[in-house]
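Observations on chain architecture
Residue strings, one per chain:
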Amino acid sequence: MKHLLSILFLIAGLSGAAEAGIATDSLPKSREYQAISVKGRVVNQTSGKDLLRRDIFRKTDSLIFESEAGRLALIDHRKQSFIAKPDKNAPSGYRLEPLQARVSTRPGKILNYLAFRQFLEGRRLLAIGDTLTLEITDETFAMNNDSFFYMQYRWSREPEPVNKRLGSSGKLLFFDKKNLFNVDGHPIDPTETSAYTLYYYNSLAGTSTLINTFNLVFCDESTLRAEIDVIIGNFAPDVPKEQSRNAAIQYIENEYGEPVRSDLDLWLRRHWGL
């Protein structure tokens with residue numbers, strides 16, 4: 001009976017860990033890496049197998065990248081994260097670059113024109129999913145039938161820039177992936193677009209106000225969640241949440257872009273309690 005109870009407690013513990021998004025498989029040991037994400041085909045020459053997310057391999061293993069654009073995001077037993085890029089001159093077939101810590105100093109709310117410009121300045125703005133929502137509290141940028149924001153970008157298949165009106169509701173401005181990347185009723189590949197510029201148009205005054213240029217990135221939420229699961233799974237339950245939270249944010253901002261912090265906080269709290 002005592003043995004049976006022990007087994008039941010073990011099963012319950014594993015189930016709880018899975019629900020919390022914590023990996024229950026083996027973790028990297030000294031002289032090993034675990035793959036957080038794999039971009040392109042990467043083969044472990046030592047084992048002859050393709051590397052997949054969560055796979056663990058030895059630091060002495062040689063890797064073959066099918067494409068020069070391939071890359072791996074890795075974590076080691078010290079909870080340190082790296083990017084591995086192909087390097088034919090290296091014995092291992094790749095070179096490592098540590099993920100850089102980033103500190104966001106962006107304003108939390110868009111209160112006026114200058115704050116809006118600062119919010120977008122040089123930013124790789126990340127939408128986790130297919131829609132990004134911004135709250136515009138400045139009455140100067142009221143959104144209605146007569147006044148609205150629009151995005152202008154370059155599409156490699158068209159000589160002229162594409163202009164897309166953005167949706168809104170009250171003070172909320174929406175960047176919707178399906179609406180943005182649709183030309184003449186046909187969806188286009190976002191990777192073929194560039195040079196995003198945001199404008200505010202007032203039809204009564206006949207004026208367009210430049211807000212700023214920036215980069216807009218939409219990621220697949222299920223993929224990102226699986227990658228963060230790997231990172232969180234490398235931290236023991238008794239480790240301060242701030243450590244695993246910072247590791248997750250560091251990965252997201254290096255590999256994808258900078259989300260709206262309030263949205264990111266909600267997302268991390270909802271899935272991992274961070």
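What you are looking at is a predicted structure, and each value in this text was computed from that prediction instead of being measured.

With that out of the way, let us pick up the sheet that holds strand E10 (residues 131–135). Taking strand neighbours across the sheet as the criterion, the three strands line up as E10-E14-E13 in an open arrangement whose pairing is antiparallel. The outermost strands of the open sheet, each flanked by one partner alone, are E10 and strand E13 (167–169). Strand-to-strand twist in this sheet, taken as the mean axis angle between neighbours without regard to direction, amounts to 25°. Two strands pair when backbone bridges link them, and E10 and strand E14 (residues 172–176) are joined in this way by five bridges, in the antiparallel orientation. When the bridges of E14 are listed, Glu-135 appears paired with Leu-172.

Ordered by their spatial adjacency, three strands build an open sheet running E3-E2-E5, and the pairing between neighbours is antiparallel. For this open sheet the edge positions go to strand E3 (49–50) and strand E5 (63–65), each flanked by a neighbour on one side alone. With three bridges joining them, strand E2 (residues 42–44) and E5 adopt antiparallel strand pairing. Along E5, the bridge assignment pairs Val-43 with Ile-64.

Attention shifts here to the pairing of strand E17 (residues 193–202). When strand E11 (residues 147–155) meets E17, the two strands line up antiparallel, connected through eight bridges. Of the residues in E17, the one forming a bridge with Arg-154 is Ser-194. Connecting E17 to the antiparallel partner strand E18 (residues 207–219) that follows it, the hairpin turn spans four residues, and Gly-206 within it adopts a positive phi of roughly 65°.

It is at 10 Å that the axes of helix H4 (residues 221–233) and helix H5 (residues 241–255) come closest, and there the two elements cross at 140°. On the basis of their axis angle, the class for H4 and H5 is oblique. Helix-helix and strand crossings are classified by hand; for H4 and H5 the assignment is right-handed. Side by side, H4 and H5 meet where Leu-224, Glu-227, Ile-228, Ile-231 and Ile-232 of the first sit next to Ser-244, Ala-247, Ala-248, Tyr-251 and Ile-252 of the second. Residue classes in the contact of H4 with H5 are distributed as eight nonpolar, one polar and one charged.

Before going further, it helps to spend a moment on the pairing of strand E12 (residues 162–165). What you see with E12 is a clean split: Val-162 and Lys-164 sit on the buried side and Asn-163 and Arg-165 on the side with no burial. Turn length for the E11-E12 hairpin, with the two strands adjacent in sequence and antiparallel, is six residues.

Right, let's talk about helix H2 (residues 113–120) for a bit. Here H2 has its buried residues at Ala-115, Phe-116, Phe-119 and Leu-120. Projected down its long axis, H2 shows its buried positions confined to an angular sector of 125°, all on one face. On its buried face, H2 is in contact with strand E9 (124–128), E10, E11, E17 and E18.

Closest axis-to-axis distance for the H4/helix H6 (residues 261–272) pair is 12 Å, and the angle between their directions is 65°. In terms of orientation, H4 lies roughly perpendicular with respect to H6. Of the two possible hands of crossing, H4 and H6 adopt the one that is right-handed. Two secondary-structure elements touch here, H4 through Glu-221, Leu-224, Arg-225, Ile-228, Asp-229 and Ile-232 and H6 through Trp-267, Arg-270, His-271 and Trp-272. Counted by class, the contact of H4 with H6 contains five nonpolar, one polar and four charged residues.

With that settled, consider H5. Across its 15 residues, H5 extends 21 Å between first and last C-alpha, which sits within 8% of the 21 Å expected from 1.5 Å per residue. Inspection of H5 places Ser-244, Arg-245, Ala-247, Ala-248, Ile-249, Tyr-251, Ile-252, Glu-253, Asn-254 and Glu-255 among the buried residues, and these make up the whole buried set.

Okay, the confidence of the model for the protein chain next. Per-residue pLDDT for the protein chain has a mean of 88; in total, 88% of the residues score no lower than 70. In the model, residues 1–24 has pLDDT below 50 throughout and makes twelve contacts with residues more than four positions away in sequence or in other chains.

What counts and what doesn't
- Residues numbered from 1 in each chain as written.
- Predicted model: local features only at pLDDT ≥ 70, side-chain atom pairs only at ≥ 80, totals over all residues.
- Heavy atoms only, no water.
- Pairing = 2+ DSSP bridges.
- Helix = DSSP H or I, 4+ residues; strand = E, 2+ residues; numbered from the N terminus.
- Axes fitted to C-alpha atoms, helices over the stretch in contact; angles between N-to-C directions.
- Parallel < 35°, antiparallel > 145°, perpendicular 65-115°, else oblique.
- Left-handed = near helix turned anticlockwise from the far one by under 90°.
- Contact = heavy atoms within 4.5 Å.
- Nonpolar A, V, L, I, M, F, W, Y, C, P; charged D, E, K, R; others polar.
- Buried < 20%, exposed > 50% of the residue type's maximum accessible area, 1.4 Å probe, protein only.
- Arc of directions from axis to C-beta.
- Expected span 1.5 Å × (residues − 1).
- pLDDT = per-residue confidence, 0-100.

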